[in-house]
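# Coordinates in review
This is what each chain is made of:
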Amino acid sequence: HQVGDVSFFVLDVRRYRDGKTLLGPAQLAELRQWLREGGESAATEESTTERSGAQVRLKVVVSPVPMTRNIGEEKGAVGTDGWEWFPDEKQAVLQWMGGGGEKG
């Protein structure tokens, strides 16, 4: 989704989750591509063609579960519903967000 010059990628952490991944291979690849390019994901491309075509200046990744634990909480203290259970995937996403998209 895009509002003005801000583009949003809303993660679905329920539909593709399994014991090995939080995002699933297809969504992970789409996120990586979105971070590398102009901004809009394939899923929202049609809705943005009606907009003014503003250049993307800021990208926001929206995760419905926290990327960090609450301070003082042990791993799993609030269940298994977070990035802490998928450390390799979390590290890859953070690296791509920081511009190091070639690794992982």
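Structure shown above.
Let me sum up the structure you'll find in this document. (Residues numbered from 1 in each chain as written. Predicted model: local features only at pLDDT ≥ 70, side-chain atom pairs only at ≥ 80, totals over all residues. Heavy atoms only, no water.)

### Considerations on the pattern of salt bridges
When the charged atoms of two side chains with opposite charge come close together, those side chains can pair. In total, this model carries 2 salt bridges according to the counting rule given. Among the salt bridges present, the one from Arg57 reaches Asp5, with a minimum N-O distance of 3.7 Å. Linking Arg57 in the loop between α2 (45–48) and β3 (58–62) with Asp5 in the loop between β1 (2–3) and β2 (6–10), this pair joins segments that are 52 residues apart in sequence. Notably, a salt bridge pairs Asp12 with Arg15, separated by 3.3 Å at the nearest N-O pair. The class for Arg15 is exposed, based on a relative accessible area of 61%. (Salt bridge = Lys/Arg side-chain N within 4 Å of Asp/Glu carboxyl O. Helix = DSSP H or I, 4+ residues; strand = E, 2+ residues; numbered from the N terminus. Buried < 20%, exposed > 50% of the residue type's maximum accessible area, 1.4 Å probe, protein only.)

### Points about the packing of aromatic side chains
With the rule as written, the count across this model stands at 1 aromatic pair. A cation sits over an aromatic face here: Lys59 above Trp34, 5.2 Å from the ring centre. (Phe/Tyr/Trp six-rings, centres within 6.5 Å; stacked < 30°, edge-to-face > 60°. Lys NZ or Arg CZ within 6 Å of the ring centre and 35° of its normal.)

### Some remarks on the packing of helix α1 (residues 25–36) against helix α3 (residues 87–97)
Taken N-terminus to C-terminus, the directions of α1 and α3 make an angle of 15 degrees; their axes are 9 Å apart at the nearest point. The angle between α1 and α3 falls in the class roughly parallel. In terms of crossing hand, the pair formed by α1 and α3 is left-handed. Between α1 and α3, the residues in contact are Leu28, Leu31, Arg32 and Leu35 and Glu89, Val93, Trp96 and Met97, respectively. (Axes fitted to C-alpha atoms, helices over the stretch in contact; angles between N-to-C directions. Parallel < 35°, antiparallel > 145°, perpendicular 65-115°, else oblique. Left-handed = near helix turned anticlockwise from the far one by under 90°. Contact = heavy atoms within 4.5 Å.)

### Focus: the sheet that holds β3
One open sheet holds the 3 strands; their spatial order is β1-β2-β3, and the pairing between them is mixed. Two strands in the sheet have a free side with no partner beyond their single neighbour: β1 and β3. Where β1 lies against β2, 2 bridges are found, and the strand directions are antiparallel. Pairing of Gln2 across the sheet is with Ser7, part of β2. (Pairing = 2+ DSSP bridges.)

### Observations concerning the nonpolar core
Within the largest apolar cluster, 15 residues are counted, with the highest numbers of intra-cluster contacts made by Leu11, Leu23, Leu31, Trp83 and Val93. Looking at this core, the element that brings in the most residues is α1, giving 4 residues. (Core = buried A, V, L, I, M, F, W, Y, C linked by side-chain atoms within 4.5 Å.)

### Focus on the side chain of Gln2
Within the secondary structure, Gln2 is located in strand β1. Take Gln2: its relative accessible area is 8%, and that puts it in the buried class. In this structure the side chain of Gln2 is engaged in a polar contact, spanning 2.8 Å, whose partner is the backbone oxygen of Gly4. (Polar contact = N/O pair within 3.5 Å; in protein donor to acceptor, adjacent residues only side chain to side chain.)

### Here we look at the environment of Leu35
Topologically, Leu35 is positioned in helix α1. Taking the relative accessible area as the measure of exposure, Leu35 reaches 19% and is therefore buried. Between the C-alpha atom of Leu35 and that of Trp96, which follows or precedes it by 61 residues, the distance is 7.0 Å. Beyond its immediate sequence surroundings of up to four residues, Leu35 is in contact with Lys59, Val61, Trp96 and Met97.

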